[in-house]
Amino acid sequence: MHALTVRRAYQTAFTLYVLIVLVVLTSVPGSITVDYGADAATWLLPAQGLVEAGGFVHPDSPHRPMTERPPLYPGLVAATIYLAGDNFPKLLVLIQAAVFACSAMMLARWAERLGPPDRPMIGPLAFALFLFNPNSLGTVFFLQSETIFAAFVLAATIALHHTAMQPGFRRAAGLGLLLAACVLIRPEGQFLAILAVVGLPLISLLGGARVPLRRVLLSSAVLAVVCFMSVSPWMARTASLGEGFRVTGAANTVYYLWGSGTQLEMVATGVGGAEAEARMQARQRAVAAAFGESWYVMPELEQQRHLRDAAIAQIFSYSPSVIFKTTALATLQFFSAGGGGRLFALAGQPDASPFAQMQASGESSYAESVLLAVSEADMSLLGLWGAAMGFVMVTRILGLIGAARILLRRRWDIALLIATVILFFALVMPFYGISRFRVPAEFAFVLLTCFSLFPPRRGNAITVQQTSC
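Now for a quick tour of the structure. (Residues numbered from 1 in each chain as written. Predicted model: local features only at pLDDT ≥ 70, side-chain atom pairs only at ≥ 80, totals over all residues. Heavy atoms only, no water.)

A count of helical and extended segments in the protein gives 21 helices and two strands. The C-alpha atoms of the protein give a radius of gyration of 23 Å, which matches the 23 Å a tight globule of 469 residues would have. Principal axes of the C-alpha set define a box for the protein whose edges measure 70 × 55 × 50 Å. Considering only contacts in the protein between residues 6 or more positions apart, those separated by 24 or more positions represent 75%. As presented, the protein carries roughly 20500 Å² of accessible surface, and 66% of it is formed by carbon and sulfur atoms. (Helix = DSSP H or I, 4+ residues; strand = E, 2+ residues; numbered from the N terminus. Rg over C-alpha atoms; globule rule 2.2 N^0.38 Å. Contact = heavy atoms within 4.5 Å. Areas by Shrake-Rupley, 256 points an atom, 1.4 Å probe, with all protein chains shown as cover.)

Another aspect to go through is the pairing of strand S2 (residues 61–65). The sheet contact formed by strand S1 (residues 57–58) and S2 spans two bridges and is antiparallel. Residue pairing in the sheet places His 58 in a bridge with Ser 61 of S2. (Pairing = 2+ DSSP bridges.)

Working note: a packed helix pair is described by the angle between its axes plus the distance between those axes. Between helix H5 (residues 88–114) and helix H21 (residues 442–453), whose axes approach to 11 Å, the crossing angle comes to 40°. On the basis of the axis angle, H5 is oblique to H21. Of the two possible hands of crossing, H5 and H21 adopt the one that is right-handed. Only Phe 443, Val 446, Leu 447 and Phe 451 of H21 make contact with H5, whose side of the interface consists of Leu 107, Trp 110, Ala 111 and Leu 114. For the contact of H5 with H21, the residue count by class is eight nonpolar, no polar and no charged. (Axes fitted to C-alpha atoms, helices over the stretch in contact; angles between N-to-C directions. Parallel < 35°, antiparallel > 145°, perpendicular 65-115°, else oblique. Left-handed = near helix turned anticlockwise from the far one by under 90°. Nonpolar A, V, L, I, M, F, W, Y, C, P; charged D, E, K, R; others polar.)

Right, let's get into the environment of Thr 331. When you line up the elements, Thr 331 lands in helix H15 (residues 320–336). A C-alpha to C-alpha distance of 38 Å links Thr 331 and Arg 8, two positions 323 residues apart in sequence. In this structure Thr 331 touches Ala 426 and Leu 427, once residues within four positions along its chain are discounted.

What sets the pattern is the α-helix's 3.6 residues per turn: residues three or four places apart point alike. Here helix H8 (residues 146–165) contains 20 residues, and its C-alpha end-to-end distance of 28 Å stays within 8% of the 28 Å for a straight helix at 1.5 Å per residue. The element H8 is largely enclosed, with a buried count of 18 among its 20 residues. (Expected span 1.5 Å × (residues − 1). Buried < 20%, exposed > 50% of the residue type's maximum accessible area, 1.4 Å probe, protein only.)

On to empty space enclosed by the protein. With the rule as written, the count across this model stands at four cavities of 30 Å³ or more. Counted as a void, the largest cavity has a volume near 70 Å³. What lines the largest cavity is simply Glu 146, Arg 186, Glu 188, Phe 425, Val 428, Met 429, Arg 436, Phe 437 and Pro 440. There is about 60 Å³ of room inside the second largest cavity. Around the second largest cavity, the lining residues are Val 24, Leu 25, Val 28, Pro 29, Gly 30, Thr 33, Pro 89, Lys 90, Val 93, Phe 141 and Leu 346. Secondary-structure elements contributing two or more residues to the lining of the second largest cavity are helix H1 (3–27), helix H2 (30–35) and H5. In terms of residue count, H5 provides more of the lining of the second largest cavity than any other element does, three residues in total. Its residues placed into classes, the lining of the second largest cavity shows eight nonpolar, two polar and one charged. (1 Å grid on protein atoms, 1.4 Å probe; cavity = no way out; pocket = protein on both sides within 12 Å on 5 of 7 lines; lining within 4 Å. Points joined across faces, edges and corners; volume = space filled by probe spheres on them.)

Quick look at the state of the cysteines now. By definition, a disulfide is the covalent link that joins the sulfur atoms of two cysteine residues. Throughout the structure, instances matching the rule amount to zero disulfides. Between Cys 227, a cysteine without a disulfide, and Cys 182, which holds the nearest cysteine sulfur, the sulfur-to-sulfur distance is 8.5 Å. Cys 450 takes part in no disulfide bond, and the closest cysteine sulfur to it belongs to Cys 102, at a distance of 19 Å. (Disulfide = S-S within 2.5 Å.)

Counting residues in hydrophobic clusters, the biggest one holds 100 residues, and the most contacted among them are Val 77, Leu 107, Phe 141, Leu 143, Ile 418, Phe 425 and Phe 443. The leading source of residues in this core is H5, at 12 residues. Once you skip the residues sitting within four places of it in the chain, Ile 418 turns out to touch Ile 406, Ala 444, Leu 447, Leu 448 and Phe 451. With 15 residues, the next largest nonpolar core counts Trp 258, Leu 307, Ala 311 and Val 322 among its residues. (Core = buried A, V, L, I, M, F, W, Y, C linked by side-chain atoms within 4.5 Å.)

Now for the packing of aromatic side chains. In this description, a pair of aromatic rings is defined by centroid distance and the angle of the planes. Within this structure, the stated rule accounts for 13 aromatic pairs. For the pair Phe 424 and Phe 425, a centre-to-centre distance of 4.9 Å together with 90° between the ring planes defines the contact as edge-to-face. Accessibility expressed as a relative area gives 12% for Phe 424, which makes it buried. Among the aromatic residues, ring-to-ring pairing joins Tyr 17, Phe 100 and Phe 130 into one connected group. Taking the ring centre of Phe 445 as reference, the NZ or CZ of Arg 396 above it sits at 4.0 Å. (Phe/Tyr/Trp six-rings, centres within 6.5 Å; stacked < 30°, edge-to-face > 60°. Lys NZ or Arg CZ within 6 Å of the ring centre and 35° of its normal.)

Moving on, we get to unusual backbone geometry. Most peptide bonds take the trans form, and the phi angle of most residues other than glycine is negative. Non-glycine residue Asp 39 carries a positive phi angle of around 55°. Within the fold, Asp 39 resides in the loop between H2 and helix H3 (40–53). You can call Asp 39 partly exposed: its relative accessible area is 25%.

For the rest of this paragraph, the subject is the packing of helix H9 (residues 169–185) against helix H11 (residues 213–240). Between H9 and H11, the least distance of the axes is 7 Å, while the angle of their chain directions is 35°. In this structure, H9 meets H11 at a crossing whose hand is right-handed. Residue-level contacts link Phe 169, Ala 172, Ala 173, Leu 175, Gly 176, Leu 177, Leu 179, Ala 180, Val 183 and Leu 184 of H9 to Ser 219, Val 222, Leu 223, Val 226, Cys 227, Ser 230, Val 231 and Trp 234 of H11. Counted by class, the contact of H9 with H11 contains 15 nonpolar, three polar and no charged residues.

As a further point, take the pattern of salt bridges. Under the definition given, this model contains 12 salt bridges. With a shortest N-O distance of 3.5 Å, Asp 39 and Arg 69 are connected by a salt bridge. Here Asp 39, found in the loop between H2 and H3, pairs with Arg 69, found in the loop between S2 and helix H4 (72–84); they are 30 residues apart in sequence, far enough to count as distant. Arg 69 sits in the buried class, given a relative accessible area of 10%. Glu 112 is the salt-bridge partner of Arg 109, the closest N and O atoms lying 3.1 Å from each other. Taken together, the positions of Arg 109 and Glu 112, both in helix H5 and three residues apart, correspond to about one turn of that helix. The network of salt bridges with common partners includes Asp 39, Arg 69, Glu 146, Arg 186, Glu 188 and Arg 436. (Salt bridge = Lys/Arg side-chain N within 4 Å of Asp/Glu carboxyl O.)

Printed below as a string of structure tokens:
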């Protein structure tokens, strides 16, 4: 295909994307970006503390360090506050939109490398599918870390494949820095780093890289050391505050564990999200009441430890069948949820999304909440929801074909990478079936869809000269 046609396809997709971003920026108030961002306060407060007090502290209590979140995303938010003041949401959206477009181009170039050399349209297809994925595109306009995190996960995945096929010191060190950035954006990045260290030799083997095993293992060691050394200063800060040598403090773990209890309670008893959450809050108050007056003079870290232990006990109080069913339902929602909730928020009706309906009503079934939301939505919202769900349905069907073609072409290295990314994000928070947790894995679904139309080239083994690492 003529290079001009490919270039025009890229230009058309990018122009349409820019128009969408500009329309949203000029028509949606900046307050929507903050008010409806997922867990926005946990990112905004340390950013405000950094601007006002020069450290990751609570802005209203500068003596209180904040350890709930890693530093990179709050640092980005703080930079936008410093530069734009009250208009920081608009600047933040512009930065996230630019990063998102760069991610799309990274994926497109990688798809061209993996796809058939005589079918260059795989690049523009990957570019467009990534840019106009409703789940990912909607996230760009909110104060939440997924867009930036997804960019670094994609970059690290591409770098991991390149390093496995052509191991070397600089490649491995660069991969280590990318993985460190993932860790310092979201804590689940630390598990990705471990998987990368272990998986690099296996990807090299499955990809048919003709390099000495010693060179591959040395690259694994280099990326592990670079990643650990890059992350350790932040972990040392957390340890100095009595939280242990870890990325985030105990409060983040406690929040997640009690949230898991909420999901399990919904499945076990059939109550809605709001009622299940209220029950978990009541049980947390019961933990505090059991200590009487001593609870109020107890150090906060000790309180968090007691709450953590009570949350773990709460989770294991449910039967194995409830735990299995909750995990299965969450996984199904991870794969099938359209991500229309953020589009509803941009349209000014955040309470109309299926998730909001499930939280506010007595429904415990996500499917029933979807039907309820659809039945009460106006035509414009139905269009947004239909576009999001239609995108998911079509790409999942085509993705199955793409997966089969990867296996038929015996591209075990690509199969391992894609499967690991998807399953990791599906199971890293096993009781939560929320579409935004899929955002960092969307590039893998895009690749599967592209390979259904443009099968990957057979084998991509790269011969590497015998040089020192």
